[in-house]
Amino acid sequence: MNGIYSRPLKAVAAMLAGAALTIVCTSGHAQDKPIRIGLVTFLSGPAAGPFGVPAKIAAEAIVDSLNAGKVPAPYNAKGFAGTPLELTIIDEAGGATKQVTELRNLVERQNVDFVVGYISSGDCLAVAPVAEELKKITVLFDCGTPRVFEDASYKYVFRTRSHATMDAVAGAMYLLESRPATQNFGGINQNYAWGQDSWADFTAVMATLKPDAKITTSQMPKFGAGQYGPEISALLQSNSDVIHSSLWGGDLEAFMLQGTPRGLFARSQLILVAGEPYLHRLPGNIPDGTIVGARGPNGVFAQKSPLNDWLRQIYKERADVYPNYPAYSVALAFLGLKAAYEKARLTNAAPATEEIIKAFEYLSFDSPAGKVMMKLGKGHQAVTGTAYGSTLAVDGQVTIGNIKYYPLERVQPPEGVKSIDWIKSGMKPGKW
Amino acid sequence: MSQLLAVLIDGLIYSSWLFIIAVGLTLIYGVMKILNIAHGSLYALGAYSAASLAGYWINQGHAPMGSYAVMLVAAILVGLIAGPVIERGLLRFMYGKDEIVLVLVTYAVFLILEDFVKLVWGVDPYFLYQPYSLLGSFDIADLTYPNYNLVLFAAAVLIGVVVAWVLTRTRQGKMLLAVIHDREMSAAMGINVGRVYFITFTVGAILGALGGALTAPMISVQPGIGAETIVLAFAVVVIGGLGSLPGAALAAILVGLVRSAAVHYRPELDLFSIYFVMAIVLIVRPKGLFSIPEARKI
Amino acid sequence: MKRDLTVSILIGALIVLLLAGPLLPRWAMFLINVSLCYGLVVLGMMLLMRTGLVSFGHGLYYCLGAYAAGTLDVLFGISDIAVMLLAAIAATGAVSTLLALLLRKYRDIFFAMLSLAFSMILYGLLVKTSALGSSDGFNVAAKTLFGVRIAGTEFERYLIFAITVVTAFVAAICIHWYRGSHRGRLAEAIRDNELRVEYMGASVANTVHINYVMSAVLAGLGGALAAISVGHIDPEMAYWTTSGEFVFVAILAGTGNVLAPFLGAFIFETIRSFAYEYSPNTWQMALGISMLIVIMFLPGGLWSLFTRMRKTA
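Description of a nonpolar patch on the surface
Residue and element names in this part refer to chain B. Taken together, Leu53, Val73, Ile76, Leu77, Leu80, Ile81 and Val85 make up a surface patch of nonpolar side chains, about 610 Å² in accessible area. Among the elements that make up the nonpolar patch, the one with the highest residue count is helix H3 (residues 66-89) (six residues). Mapped onto the secondary structure, Ile76 falls in helix H3. Under the relative-accessibility criterion, Ile76 is labelled partly exposed at 36%.

Below, the structure written as structure tokens:
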């Protein structure tokens, strides 16, 4: 009994000392000169390929370009108002609880000045209150759920891209404009919040715009299922005029690969709400005329402008393909933050967080995707219009033609009105 | 009526797939009593290798029909390399330990292999659709099915028959069965249990990789496919009774049909279906459908 | 003697944590906070493992406790920490008492898979429920403690931390005393040889049932505290990979002592956190390799560092 705990006591003491030393060494960052931005994006898992890694590549390209001062006006100042930027990247994988922990580590241990991140809606919802508590400006760059600013108000949290409501609204409008005789429609969406919400929004919009269109079947395979044999059979037998899908990434590819040889798309018109990121991989496996969205005026929908040319060039240098919508989302985040910082800098050489927030609220700024206005969520949520197009195979490549643009009045709910209520009450254009 | 037919055909196709991925796992568990979580990684490795190698083959302009052989070769290579490396290099040192510690070891291997796959193949999905559409398709009622599904079904049946034949008709196979029944007695009778373990694990790895390779043309091979299949494979193995090949087959058919029915009649239940089946089977037959009677030590 | 030392260490840890809490950098306090929540669940796992059962479905109770705490606000407008914890205990206690009637007859992998099935059923149910946010879940904000408002105050984080520490302490002491008690010692006997225990007149089924319910309540408490500390809950808590993590931490920690789960959880969280920071592209590999090293050199789990009595396989 005598010695039985003396060894462990020494071990515990050693561990505590070691831990204390580590804590002191890692947490005591002096005020570094560059502005540190933490980027949270998927580096592993199924979301890495279509979204997470393109966002990372875009962020790295943008930060390098900003630091070199090579961005077109009005962003030509180096870094943010002359101060260089430093990027720290962490993986968004692991779930919302993990991300909350990691946000705290990013802010308190790695001492970042701003956080740009979050593709998953679940993570966005979880970290927003924590960002408020930590009093760190956090720019949500890609998640789609309207709930962030419809369920709560935040001071430190901003989202520089529109939320997902407009995808459903514009998608349905484009569909009915090209196929006014649509009598019924079915859907295949992943059985988690994104898929469920996309389907709920789409059916609500269709109910408002074409009340007599019937719903044939709603397939809800598990996220990541990868095997859609029975679902495709059910869709084939439903004889739907239209199939709505918010599938993305590998699941979308699998669905296309399995559906095309079975003639599903000869039978039904397909509308892919989030189809843009992987189109270039699908020649031969996507029928002409598939309606595709890019969740905003991104990618091929982006109008020609010096900023758009710039983004396409710096991204293609690194990735060998043109930027997809997550890359655009990241650009909006960085440019919006830069615009806000530099606006605050006009009045104060070392702007405090509160001043940057005031500059960011209700800001309008230019981006590769056009003009972005922070007009919802009390100045914290961006609004833009959006666009949809149809695919056309040209010379073995998938291109998008027949592009239609939808201005923001037609596709955005006004301030103070929940998206689903706005849809159900007729989608009256708000005053912008 | 045609919906019922669709349920049946879809169910059988899915069952074939389930059987192929479960058979390696049930063999490994039956013989070595190891819950091999790394089985999911072997599946992923098989899929990625098949997609890369066959994709390369096709891109080089070789005969597309050859891609099937390439897929098979890829799977066998993966099994022959990964199996021995994991078994001889790691598991061998852990055999004396508690069963649950071995599960932890295979989980650690799974984590390592997940990142290994990511490092080698990157995060973008791979696909290999040519073998899928190459064989044409057949029509039944108002539905079209690619003939590749018949290949999958045939492969499942073939694998089942071959493994069953090897287990019951060859000497090596009978030794494996002996070890499944009673490890200690088999060792006492002079069976080289260590070598049996080695062979079993390698064969199980090949079968797992084969599952991945055969599935690759139907899906998009992306990070995370390993994790998704592990729990499905386990469920099938447990429902069938651990270490029982006919059990795995029956379980696969059961789960496949139930899932297919769910998708056609009540799509929102699809998430639950496999767990419902597992819960109900375990309640009714606590050790799975075909469990091997075990003597109880007093 | 050994028992007293454990109690002393527990009391010492309680005092040290409560005093040092505000002095630590906040991310460290949060890390310890989250580790203690996981540690509670792992404590429950340890209790079950000493009975010879490994549950791959404890995420069920972890999630249930969290949702019980979180939905109080949504349904009844209650956001008092004490009430939330009680709700978690009640909910997990009730469900586990019922489920244990079925589960207590199963052993080994069948027990594991059946418990996994139930946890996945809860997962499916929650994902289907869009009123609860489906797979996104929803945020939980604890506003008062025993009626005293804490939200928005300076002490909010520290008070939540303190409550977690105290709850963990109470749980650890209770389980420690239980283990020394008559029924507590039966658990290991059951693990070794059930039939003999029955021959000797003790009820295996009842002991397993009680241990299962206790471990479920511990998991529920851990879940509720996690909900309060992290501020967000989602169905992922019931997914089998979450349950798997608890199993792995339990094995890593070893079953020697009630301190082991908390230590194991802390080390696991720390390794994972640093792996995220220093190798964001290969954190899974780093974690896997660390686990293998621990297994190979510390076969009795981390706790065997502290005891001369190594488990013989």
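Overview of the state of the cysteines
What makes a disulfide is a covalent bond joining the sulfur atoms belonging to two cysteines. Residues and elements named next belong to chain A. Evaluated as defined, the whole model comprises one disulfide over all chains. Here Cys124 is linked by a disulfide to Cys143, with a sulfur-sulfur distance of 2.0 Å. Across the S-S bond linking Cys124 and Cys143, the dihedral sits near -100°, which makes this disulfide left-handed. In this pair, Cys124 is assigned in helix H4 (residues 121-134) and Cys143 in the loop between strand E4 (138-140) and helix H5 (147-151), connecting sequence segments 19 residues apart. A residue is classified by how much of its surface remains accessible, and Cys124, at 0% relative accessible area, is buried.

Some points on the nonpolar core
Across soluble globular proteins, nonpolar side chains have a tendency to be buried as a group. Of all hydrophobic cores here, the largest spans 351 residues; its most connected members are Phe255 of chain A together with Met291 of chain C. A total of 17 residues in this core trace back to one element, the largest contributor, which is helix H1 (residues 2-32) of chain B. When residues of this core are sorted by domain, at least three fall in each of domain 1 (32-163 + 302-383) and domain 2 (165-301 + 385-424) of chain A. Residues contacting Met291 of chain C, with those up to four places away along its chain left out, are Leu104, Tyr107, Ala108 and Leu111 of chain B together with Phe248, Leu252 and Phe268 of chain C. Counting residues in each nonpolar core, the second largest holds 27 residues, with Val169, Phe202, Val273 and Ile423 of chain A among its members.

What to know about the interface of chain B and chain C
Taken together, the contact pairs 45 residues of chain B with 40 residues of chain C. Contact between chain B and chain C buries roughly 3,900 Å² in total, counting both sides, with carbon and sulfur atoms accounting for 80%. For the interface between chain B and chain C, the tally reads zero salt bridges. Between chain B and chain C we count four residue pairs in polar contact (both at pLDDT 80 or more) in total. When residues of the side of chain B that touches chain C are traced back to their parent elements, those giving at least two are helix H4 (99-121), helix H10 (225-240) and helix H12 (270-284) of chain B.

Details of the interface of chain A and chain C
Facing the 47 residues of chain A at the interface are 44 residues of chain C. Put simply, chain A and chain C have three salt bridges between them. Close ionic contact of Glu133 of chain A with Arg157 of chain C constitutes a salt bridge, the shortest N to O distance being 3.2 Å. Our enumeration of links across chain A and chain C arrives at 14 residue pairs in polar contact (both at pLDDT 80 or more). Only helix H1 (6-27), strand E2 (85-91), helix H3 (96-109), H4 and helix H7 (193-209) of chain A provide two or more residues apiece to the side of chain A that touches chain C. Per-element tally for the side of chain A that touches chain C: the top contributor is H3 of chain A, with 11 residues. When the residues that make up the side of chain A that touches chain C are grouped by side-chain class, the tally is 22 nonpolar, 15 polar and 10 charged.

A few points about the domain arrangement of chain A
All names here are of chain A. Entries for chain A in the domain assignment read domain 1 (32-163 + 302-383) and domain 2 (165-301 + 385-424). The C-alpha centroid of domain 2 is placed 27 Å from the C-alpha centroid of domain 1. Listed per partner, the contact involves 31 residues of domain 1 and 26 residues of domain 2. Between domain 1 and domain 2, a total of about 2,300 Å² is buried, with carbon and sulfur atoms accounting for 54% of that surface.

Topic: helix H11 (residues 306-319) of chain A
Residues and elements named next belong to chain A. Its 14 residues place the ends of H11 20 Å apart at the C-alpha level, agreeing with the 20 Å of an ideal helix rising 1.5 Å per residue. Within H11, burial applies to Leu307, Asn308, Trp310, Leu311, Ile314 and Tyr315. Along the axis of H11, the buried residues cluster in a sector spanning 160°; they form a single face. Residues of H11 that are exposed and point over 90 degrees away from its buried face: Pro306 and Glu317. Contacts made by the buried residues of H11 are with helix H2 (48-67), helix H12 (325-345) and strand E11 (364-367).

Each value, and the rule that gives it
Residues numbered from 1 in each chain as written. Chains lettered and ligands numbered in written order. Predicted model: local features only at pLDDT ≥ 70, side-chain atom pairs only at ≥ 80, totals over all residues. Heavy atoms only, no water. Patch = residues over 30% accessible without salt bridge, like charges linked within 9 Å, V, L, I, M, F, W, Y side chains within 5 Å. Areas by Shrake-Rupley, 256 points an atom, 1.4 Å probe, with all protein chains shown as cover. Salt bridge = Lys/Arg side-chain N within 4 Å of Asp/Glu carboxyl O. Helix = DSSP H or I, 4+ residues; strand = E, 2+ residues; numbered from the N terminus. Buried < 20%, exposed > 50% of the residue type's maximum accessible area, 1.4 Å probe, protein only. Disulfide = S-S within 2.5 Å. Core = buried A, V, L, I, M, F, W, Y, C linked by side-chain atoms within 4.5 Å. Domains from an automatic or database assignment. Contact = heavy atoms within 4.5 Å. Buried area = accessible area lost by both parts, 1.4 Å probe. Polar contact = N/O pair within 3.5 Å; in protein donor to acceptor, adjacent residues only side chain to side chain. Nonpolar A, V, L, I, M, F, W, Y, C, P; charged D, E, K, R; others polar. Expected span 1.5 Å × (residues − 1). Arc of directions from axis to C-beta.

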